[in-house]
Amino acid sequence: MNKIDIISSAKVNKTPDLYEIVGACNRTLKERDLMFGLALDEKNKTKMVFTIYGT
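Below, the structure is looked at part by part.

Cut-offs and rules
Residues numbered from 1 in each chain as written. Predicted model: local features only at pLDDT ≥ 70, side-chain atom pairs only at ≥ 80, totals over all residues. Heavy atoms only, no water. Helix = DSSP H or I, 4+ residues; strand = E, 2+ residues; numbered from the N terminus. Buried < 20%, exposed > 50% of the residue type's maximum accessible area, 1.4 Å probe, protein only. Contact = heavy atoms within 4.5 Å. Areas by Shrake-Rupley, 256 points an atom, 1.4 Å probe, with all protein chains shown as cover. Lys, Arg positive; Asp, Glu negative; His and termini not counted. Charge placed at Lys NZ, Arg CZ, Asp CG, Glu CD. Polar contact = N/O pair within 3.5 Å; in protein donor to acceptor, adjacent residues only side chain to side chain. Phe/Tyr/Trp six-rings, centres within 6.5 Å; stacked < 30°, edge-to-face > 60°.

1. Concerning the overall build of the protein chain
Next up, step 1: Secondary structure assignment for the protein chain yields 1 helix and 3 strands.
Next up, step 2: Of the regular secondary structure in the protein chain, the N- to C-terminal order runs β-α-β-β.
Next up, step 3: Counting only C-alpha atoms and orienting by the principal axes, one finds that the protein chain spans roughly 35 × 20 × 15 Å.
Next up, step 4: For the protein chain, the proportion of its 55 residues judged to be buried stands at 20%.
Next up, step 5: For the protein chain, the share of sequence-separated contacts (at least 6 apart) that also reach a separation of at least 24 residues comes to 53%.
Next up, step 6: Of the roughly 4,300 Å² of accessible surface on the protein chain, a fraction of 55% belongs to carbon and sulfur atoms.
Next up, step 7: Distance between charge centroids for the protein chain: 5 Å, based on 9 positive and 7 negative side chains.

If you want it as structure tokens, here you go:
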């Protein structure tokens, strides 16, 4: 089983286009063992958490 490690995480302003950027990163960088995630910040709904994972 592969282990997933968090490489970096950043809190950014919420915008609809962020999902497009995360999708493009996942499609183009998966062969480099990188995965990208985006989640709504639980404490501040105007922010999102962008995370880079190593797989």
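That shown, we press on.
2. Quick word on unusual backbone geometry
Peptide bonds are, in most cases, trans, and in most cases residues other than glycine have a negative phi.
Next up, step 1: A positive phi angle is found at Asp33, which is not glycine, with a value near 60°.
Next up, step 2: Mapping Asp33 onto the fold places it in the loop between helix H1 (18-29) and strand E2 (34-40).
Next up, step 3: Residue class for Asp33 comes out partly exposed when judged on its relative accessible area of 45%.

3. Focus: the environment of Asn44
Next up, step 1: Looking at the element boundaries, Asn44 is found in the loop between E2 and strand E3 (47-54).
Next up, step 2: Here Asn44 falls in the partly exposed class, since its relative accessible area comes to 30%.
Next up, step 3: Sequence separation between Asn44 and Asn13 is 31 residues, and the spatial gap between their C-alpha atoms is 9.8 Å.
Next up, step 4: One polar contact links Asn44 to Thr46, side chain to side chain, over a distance of 2.6 Å.

4. Concerning the packing of aromatic side chains
Next up, step 1: Going through the model one piece at a time under the given rule, you end up with 1 aromatic pair.
Next up, step 2: The interplanar angle of 20° and the centroid separation of 6.0 Å between the aromatic rings of Phe36 and Phe50 together place this pair among those described as stacked. Here Phe36, found in strand E2, pairs with Phe50, found in strand E3; they are 14 residues apart in sequence, far enough to count as distant.
Next up, step 3: Residue Phe36 is classed as buried on the basis of its relative accessible area, which comes to 9%.

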